[in-house]
Each structure stands twice: as C-alpha cells, then as structure tokens.
Amino acid sequence: MPDPNLIRQRRKNYRTAIEGVVGTNLFRHIYVVDKRDGREFDALEDGQGACAYVVSGVLALHGLIDRPHATVQTTVEKLLEAGWRETKKPVWGDIVHWPAHNDHMHIGFYIDRQTVVSNSVLQRTPIKHHPKLHDGRLPVAYYTHDMLHLSE
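Read on for an overview of the structure.

Definitions and limits used
Residues numbered from 1 in each chain as written. Predicted model: local features only at pLDDT ≥ 70, side-chain atom pairs only at ≥ 80, totals over all residues. Heavy atoms only, no water. Salt bridge = Lys/Arg side-chain N within 4 Å of Asp/Glu carboxyl O. Helix = DSSP H or I, 4+ residues; strand = E, 2+ residues; numbered from the N terminus. Buried < 20%, exposed > 50% of the residue type's maximum accessible area, 1.4 Å probe, protein only. Axes fitted to C-alpha atoms, helices over the stretch in contact; angles between N-to-C directions. Parallel < 35°, antiparallel > 145°, perpendicular 65-115°, else oblique. Left-handed = near helix turned anticlockwise from the far one by under 90°. Contact = heavy atoms within 4.5 Å. Nonpolar A, V, L, I, M, F, W, Y, C, P; charged D, E, K, R; others polar. Core = buried A, V, L, I, M, F, W, Y, C linked by side-chain atoms within 4.5 Å.

A few points about the pattern of salt bridges
- Evaluation of the coordinates by the stated rule reveals 8 salt bridges.
- As a salt-bridge pair, R28 and D46 come within 3.1 Å of each other at their nearest N and O atoms. Here R28, found in the loop between α1 (10–21) and β1 (31–33), pairs with D46, found in the loop between β2 (40–42) and α2 (51–61); they are 18 residues apart in sequence, far enough to count as distant.
- By relative accessible area, D46 is classed as partly exposed at 30%.
- When salt bridges with common partners are traced through the structure, they connect R28, D46 and R124 into a single cluster.

Have a look at this one:
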C-alpha cells in the first residue's frame, strides 16, 4: 500500500527519466513474428528504428501515454489522445517531431533551443544532439502536456 505521506514528484521523475535514457540499450529491440510466414525478426533493427519506442516508453512509464509504440505515427496519434497538444513555444520535456525522410519520421524530447534527446540511427541508442538532424531535417511540430507546466 502506498504511503499517504509521500507525494510523487511527477515532473522531476519525468525529467530524470529523459536524462537517464541517454545511452541506454533498453529500447533496442522488439521481436515480432509475421503471422503470414512465421518469420521472427527485430522490428527495431537493433536500435536503428527505435525513436518512437524510446519516447513512448518513457511517456508510458510516467502515465503520459497509453503504452509503448514502435512507430512515430502511432505515437503521435496516442499523444494527442492522451491530452498532448501542439505548441509553438516548447518547454523542457516536450515532444519534438521531425518530418519523414526516406519514409521514416523521427521523434524525441525537447531540452532547449540547441538540445534534444532522441534515438540515434547511427549509434542505435538515445543521444543528446542539436534539433537539426544529421540529414538536415528540422522539427515540424512540438507537443506539450499540462503536467509539464504545473508547479510541484
């Protein structure tokens, strides 16, 4: 039974999780089986395609989305269903969304105007980096949640 004298610090825990996800291998694999031919494979390609899983996994852990998802499109849809909304003035912890390149969208966490956290295709793990991706893409949308604007 939870101790009624303890108050969970939601924003602080969320912030700590985003900082702690950098360099983790936790989100590198989702093994699936194709029902059509029984073939098993790693849908995240050893972390190469793990950006949505990283973001939705952290959000799910903190009750900010229904569950982890493997695609950016589904993650964005579920963000909106969970009360996230688009914003022009992102704050620490908001979600950053980049447009598709070679049929692959990208998603991560906003830190500040010069820094985001997202899964690196090359390093196959979440890293801190500039919002302009190595292929030149810039963010097309930011999403915020009321929890990020509450005082604790």
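Details of the packing of α1 against α2
- Their axes nearest at 10 Å, the elements α1 and α2 cross at an angle of 150°. By the criterion of interaxial angle, the relationship of α1 to α2 is roughly antiparallel. The chirality of how α1 crosses α2 is right-handed. Residues Y14, A17, I18 and V21 of α1 pack against V54, V58 and L59 of α2.
- Per-class residue counts for the contact of α1 with α2 are 7 nonpolar, no polar and no charged.

Focus: the nonpolar core
- Ranked by internal contacts, the top residues of the largest apolar core, which has 30 residues, are Y14, L59, W84, I95, I107 and F109.
- It is α2 that contributes the most residues to this core, 7 residues altogether.
- Once residues within four sequence positions are removed from consideration, Y14 is found in contact with V58, L59, H62, L64, W84, G93, I95, F109, M147 and L148.
- Counting residues in hydrophobic clusters, the runner-up holds 5 residues, among them V96, W98, Y110 and V116.

By themselves these figures say nothing about function.
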